[in-house]
Amino acid sequence: MKKLTITLLLAVAALLPAPAMAQAKKAKTPKKQSVENIDSLQNIADMAENGNADAQNAVGLWYYRGENFSRDYGKAVQWWLRAMKQQHPEAIGNLAQCYLSGHGVKVDSVRAAGLARRAIKLGSRSVLAGCTDKADNGDVWAAGVLAGIYKKGDGKVSRNPDLYHKYLGIVAESGDVDASVELGLALLNAGKDREAFKVFGAITGTGNPTACFWTGKMLLEGKGVKMDKAKGVDFLFRSAEAGMPMAKYYIGRCYSEGDGVSQDDAQAVKWYRTAAAEGNHYAQYALGHAMFEGKGCKPDMNQALHWLERAATRGHKVAFTKLINDTIPGSPFATYCRGMKLMQGGAYSEALAQFKLLEKTHKYEGKAMQGMIYCDAAYSKYNFKKGLNLIKDAAKNLNPMALYLLGTFCLEGTGMGRNIPKGVKNIIAAANLGNPQAQLALADLYFEGRGVENDYEQSAQYYALASQLLPLNEDARRRYASIYEQGMGRVKRDEAKAKEILSGKSVDLLPDMLRTVVVIAPKK
């Protein structure tokens with residue numbers, strides 16, 4: 001609707017008392033005016049100068065029509081602007097007319113629409129009637145004004161879904177794709193599935209991702225149209241190719257359930273991962289679920305928990321709590337979560353018992369976490385050698401967390417001789433297996449040029465990957481932002497991106513989530 005440039009002259013009338021306006025209309029030639037008329041006109045002019053909004057609107061009309069003064073659109077606009085400051089609805093409607101016609105101002109149909117809506121909101125029946133008459137005769141601009149008014153109701157005009165659909169439909173029929181999408185969604189919400197499908201279907205040829213998504217989803221479900229799963233999936237792919245994260249999530253779900261495609265867990269995870277990385281919280285939750293089950297991918301409790309935490313920031317916290325405590329309380333992942341809760345609370349011995357239980361089903365996940373506890377100097381039974389051996393064993397079997405821990409020990413020389421090349425090798429391996437802690441560490445290494453050749457492009461890529469799952473600390477955000485702020489290395493300068501990184505506040509719900517986990521002691 002914003003792209004339209006329609007010239008429409010609204011029929012508006014002043015709110016001044018009829019006698020005063022009658023006198024103004026009779027006096028088109030000042031020389032022939034009676035003394036009384038001249039006095040009356042002067043009184044109106046004086047009232048306008050003294051701030052009377054009705055009088056200001058009237059003087060604006062004189063200048064606009066060339067009555068009592070020579071026609072001067074610019075002066076008309078100035079008087080109406082003064083009246084608008086006092087919320088005079090008819091003056092605001094007159095300004096809308098000027099922005100449409102280009103009289104006294106530059107043509108601006110969007111500004112005109114906003115002014116017309118404001119006038120109607122303040123109670124201008126003449127502007128409402130003018131727009132209605134024009135819209136009912138097919139005027140697209142006027143229809144857009146009324147659609148905006150009736151959508152939610154504004155001022156003295158009540159919400160009217162039927163009129164909203166009617167006038168939005170006029171805009172949509174003019175070829176406005178955005179209006180068609182809005183109309184389709186509005187019809188869906190109103191339970192008018194058949195009409196919605198027709199609207200979406202009419203614009204799928206434009207490649208609009210929303211239209212393609214809903215056309216595909218409705219075909220899959222047989223909603224408002226005869227079910228055709230193969231065709232539905234095809235439209236979902238078209239939407240995904242156009243960049244819609246929700247379509248990518250639904251494709252993943254189709255692969256997971258074998259709905260319209262051959263069942264394929266690996267493909268499901270691929271599509272979930274893509275959508276999750278783009279912020280789709282449904283995909284984040286589904287990916288976390290797949291990762292702790294090892295369905296379509298290698299099990300990874302750490303990544304699973306962090307993906308579920310990301311989803312929790314968008315409304316899935318209650319779902320996580322029910323999952324762990326009610327749905328799968330005896331599962332390995334629930335055991336892992338209990339161990340994490342206990343470990344974060346400093347109950348190391350109890351946490352160790354949970355991770356030993358985890359080792360029975362997920363050998364190297366359990367060993368890596370036990371190793372982490374033994375290597376923590378805060379543990380009363382601290383035993384770095386024992387912990388390191390557990391971590392090394394898990395790392396040999398490519399456990400991402402173990403590789404990250406071993407890499408960190410090598411880089412820092414913790415409990416062993418410093419070995420930067422070996423540390424970097426392990427960090428890279430863990431990062432490429434998706435471990436977010438390793439990705440953050442690797443981003444720092446590339447930024448500093450420590451153990452690797454300095455590479456700001458790689459650094460930015462790993463900061464981006466880590467930030468999908470971890471809230472970046474202040475130092476990491478500052479480094480990440482500086483790459484774009486200064487255009488470091490091969491990275492193009494992008495101040496807007498830098499500001500986005502610095503202003504982004506990543507919420508960490510993990511501690512709160514783990515507090516909701518009910519601890520069940522392992523059976524002896």
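The rules behind each value
Residues numbered from 1 in each chain as written. Predicted model: local features only at pLDDT ≥ 70, side-chain atom pairs only at ≥ 80, totals over all residues. Heavy atoms only, no water. Helix = DSSP H or I, 4+ residues; strand = E, 2+ residues; numbered from the N terminus. Expected span 1.5 Å × (residues − 1). Buried < 20%, exposed > 50% of the residue type's maximum accessible area, 1.4 Å probe, protein only. Contact = heavy atoms within 4.5 Å. Polar contact = N/O pair within 3.5 Å; in protein donor to acceptor, adjacent residues only side chain to side chain. Disulfide = S-S within 2.5 Å. Axes fitted to C-alpha atoms, helices over the stretch in contact; angles between N-to-C directions. Parallel < 35°, antiparallel > 145°, perpendicular 65-115°, else oblique. Left-handed = near helix turned anticlockwise from the far one by under 90°.

A. Highlighting helix 15 (residues 265–277). Between the first and last C-alpha of helix 15 there are 18 Å, a value that for 13 residues agrees with the 18 Å anticipated at 1.5 Å per step. Of all the positions in helix 15, only A268, V269, W271, Y272, A275 and A276 are classed as buried. Residues of helix 15 that are buried make contact with helix 13 (229–241), helix 14 (245–257), helix 16 (281–293) and helix 17 (301–327). Two or three places before A266, at the opening of helix 15, D264 has a side-chain oxygen 3.1 Å from that residue's backbone nitrogen. Looking one or two residues beyond helix 15, the residue adopting positive phi is G279, at roughly 95°.

B. Fine view of the state of the cysteines. The final tally for this structure, using the stated rule, is 0 disulfides. Cysteine C254 shares no disulfide, and the gap to the nearest cysteine sulfur, in C212, comes to 15 Å. Considering cysteine sulfurs only, C337 is the nearest to C297, which forms no disulfide, with 16 Å between them. Looking at C297, the relative accessible area reads 19%, which means it is buried.

C. A look at the packing of helix 23 (residues 420–432) against helix 24 (residues 436–448). Packing of helix 23 against helix 24 leaves a shortest axis separation of 8 Å and a crossing angle of 130°. Relative to helix 24, the element helix 23 lies oblique. Here helix 23 runs over helix 24; the crossing is left-handed. Where helix 23 abuts helix 24, its residues V424, I427, I428, A430 and A431 lie against A438, Q439, A441, L442, L445 and Y446.

D. The arrangement of the environment of I324 in detail. Turning to its location among the elements, I324 is positioned in helix 17. As for I324 and F237, which are separated by 87 residues in sequence, their C-alpha atoms are 33 Å apart. If sequence neighbours within four positions are ignored, I324 has contacts with P329, F333, A334, C337 and V517.

Remember, this is a structural readout, not a statement about activity or role.
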